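Listed below, chain by chain, are the residues.
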Amino acid sequence: MTTPTLPTLPELRDKIDALDRELLALLNRRAGLALEVGEIKKKEGSVVFRPEREAQVIDGLKSGNSGPLKNESVAPIWREIMSACRSLETPTRVAYLGPAGTFSEEAALGYFGSSIVRVPCVSIDEVFRSTSAGVADFGVVPVENSTEGMVARSLDIFLTMPLFIIGETSLFVRHNLLRKENALEGITAVCAHPQALAQCHEWLSLHLPHAERRPVSSNAEGARLAALDPSIAGIASTRAASEYGVHVVAPAIQNDTHNRTRFAIVTDPLRHPAPQASGHDCTSLVVSVENRPGAMYDILAPLKKHGVSMSRLESRPARSGQWEYYFFIDVQGHPNQPAVQTALHELRESCAFFKVLGTYPIDVH
């Protein structure tokens, strides 16, 4: 019996090269079709980016994936493909908390792909302002962390800014201690965003108990300062370490090894329509009720009555001095669904303040 001959490494590489050429040809065909779609959209006056459509494309591909490519690899690959095709129609301008190397930038690139015009901002407030003013088409803002809970500043701005949420993405956040010198000795201050300092307080208390914890506008700004002063360390991503040429003195110093941050994708409703139902949607809203017995029950009762699942409930002081609160709520589903529509209508009737912050596809991994 003859033993089958296994292909050699050069033969396998030749096959891969041939497949790569086929893939490139197919991608260019896809890009050509995307340009045709873009021409139709221009005539109709419709928008280029439809988050529900992209979510449906990725869901469909994952459900039909037979491997060996893992499902979690499908979304980032196709987001880059769709980003490159979308950029042929029109550049997508995305604002985020900068400078280069922040987790917000990483979230923006993960959601929109790398074929975007980056608009780094000095603060979360500036992300909202840039998006509202039309400097950017979309903004990416942190709203919740698995360790520290809600990002209060983002939620507060939602109350006053006329922007709404059209998407979400979550990011595994791995904090690293960065420094110009590759040693812990001699560090007098640790600079990072307040959220990052809070998320790393256990490690800092154990290893740098006497170092000042200095809040700055972003983790990337902390990395930049660390690159300028050997007595300063920053807390940031490995991308920031490469960007500013500093050492990763201690990796993964966050309290929670599964630390994740959730980001909202925001835009101006006058320039971009709300996403249609994708089949896996979330609706975010903020409400307030009069300070009276049974008020909280009145918020929850319509959801229970119509079988609408609530995935998040957070409270924020109304700053009125009267011990009044705003409640930020996420429910599963889209207002186009009768049960969700009826539950929200009944909820609105029992609230002193009611605002839908957005309806959008649930994050696709």
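Cut-offs used in this document
- Residues numbered from 1 in each chain as written.
- Predicted model: local features only at pLDDT ≥ 70, side-chain atom pairs only at ≥ 80, totals over all residues.
- Heavy atoms only, no water.
- Salt bridge = Lys/Arg side-chain N within 4 Å of Asp/Glu carboxyl O.
- Helix = DSSP H or I, 4+ residues; strand = E, 2+ residues; numbered from the N terminus.
- Buried < 20%, exposed > 50% of the residue type's maximum accessible area, 1.4 Å probe, protein only.
- Contact = heavy atoms within 4.5 Å.

What am I meant to see in the pattern of salt bridges here?
Considering all chains together, one arrives at 17 salt bridges under this definition. Of the charged contacts, one joins Arg262 and Asp330 as a salt bridge, the two residues approaching to 2.9 Å between their closest N and O atoms. With a gap of 68 residues between them, Arg262 in strand β11 (residues 260-267) and Asp330 in strand β14 (residues 325-332) connect regions that are remote in the sequence. By relative accessible area, which is 15% here, Arg262 ends up buried. According to the relative accessible area criterion, Asp330 is buried, its value standing at 2%. Overlapping salt bridges, with partners in common, bring together Glu144, Glu168, Arg262, Arg312 and Asp330 in one network.

Please clarify how the environment of Val266 should be interpreted in this entry.
Inspection of the secondary structure assignment puts Val266 in strand β11. A relative accessible area of 0% means that Val266 is categorised as buried. Considered as a pair, Val266 and Thr131 are 135 residues apart in the sequence and their alpha carbons are 7.7 Å apart. Filtering out sequence-adjacent residues up to four positions away, Val266 remains in contact with Thr131, Asp137, Phe138, Gly139, Val141, Phe158, Leu163, Phe164 and Ile165.

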